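Working through the structure, step by step
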Amino acid sequence: LDLTKMSVRQPGSRNLYRGHAMDSKLDFIEIALLGSVLNNPEKLTEIDCLPEHFESSTYAEIFKIILNMSGNNQPIDLFTVSDALERHTGKDWMTTLAKVAQHSVTAENSLAYSSTVKQKYIERQSIAIANNMISGIGSLGQSCIDDAIVKLMALGNEAKSTALTIKEALKQSIEHLQRVHDGETEIALSTGYDCLDQNIGGLHDSDLIVIGARPAMGKTALLLNLMLNASVINQIANTKVITTINN
């Protein structure tokens, strides 16, 4: 069942899903996403969501606690999350979390649902920014428009923490090695410098490597050698482009 393409009802409308009253399709998506994370905490590393992206303040509070517990390498389940929430808010969360835990979706749907939650957040924020601009343009003029443009451009750029525990990093590394062994992903490109390859594991598609040094120390020469070596050793025929910016 894919609800990501279904329309969201106006606030106050009610839907029924397996005996539970739902305020909207988005409410179902948010609770299903939380249920997946609660039942499978390892999905957190794949979900691009922040607590403020949730429309429901209750779900946002739950997701915030789960993220904090994950960052502190604490076990995540129905009881530990309920205990953390109770300590944080002074309220009993077991009934709410039990309802959340009943909802769960596949890994593929959890990614789609997290994307929908984030997109709906951007839509709500865009409407709020537009309304503020309309109400303030009479008194603030051009500055109100400029402020709205800046806020609209910033939407969707909220950074999600990519910090990993040693356990999570090791798990990802083992999975990557398995994919390389099975031929599901390409082996990294050699830089031509054995010592450098041993330290960074070669060059990967997703790498961002920063070379820092004082002026005239050979940064550009090193970069050119890296590209030349990578092209020759790995037999890459495509022409590469280098752009340098000096302040």
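Each helix and strand in the protein chain was counted, giving nine helices and two strands. In the protein chain, the succession of helices and strands from N to C terminus is β-β-α-α-α-α-α-α-α-α-α. Buried residues in the protein chain amount to 28% of all 247 residues. Sequence separation of 24 or more characterises 57% of the internal contacts of the protein chain that already satisfy a separation of 6 or more. When the accessible surface of the protein chain is totalled, it reaches about 16300 Å², and 54% of it is carbon and sulfur.

Okay, unusual backbone geometry next. The phi dihedral of Ala216 is positive, around 65°, even though this residue is not glycine. Considering the arrangement of structural elements, one finds Ala216 in the loop between helix H8 (194–200) and helix H9 (219–233). Note on Ala216: relative accessible area 83%, which makes it exposed.

This brings us to the packing of aromatic side chains. Under the definition given, this model contains one aromatic pair. Plain terms: the ring middles of Phe54 and Phe63 are 5.1 Å apart, the flat faces sit at 45° to each other, and that makes the pair tilted. Classification of Phe63 as buried rests on a relative accessible area of 1%.

Conventions adopted
- Residues numbered from 1 in each chain as written.
- Predicted model: local features only at pLDDT ≥ 70, side-chain atom pairs only at ≥ 80, totals over all residues.
- Heavy atoms only, no water.
- Helix = DSSP H or I, 4+ residues; strand = E, 2+ residues; numbered from the N terminus.
- Buried < 20%, exposed > 50% of the residue type's maximum accessible area, 1.4 Å probe, protein only.
- Contact = heavy atoms within 4.5 Å.
- Areas by Shrake-Rupley, 256 points an atom, 1.4 Å probe, with all protein chains shown as cover.
- Phe/Tyr/Trp six-rings, centres within 6.5 Å; stacked < 30°, edge-to-face > 60°.

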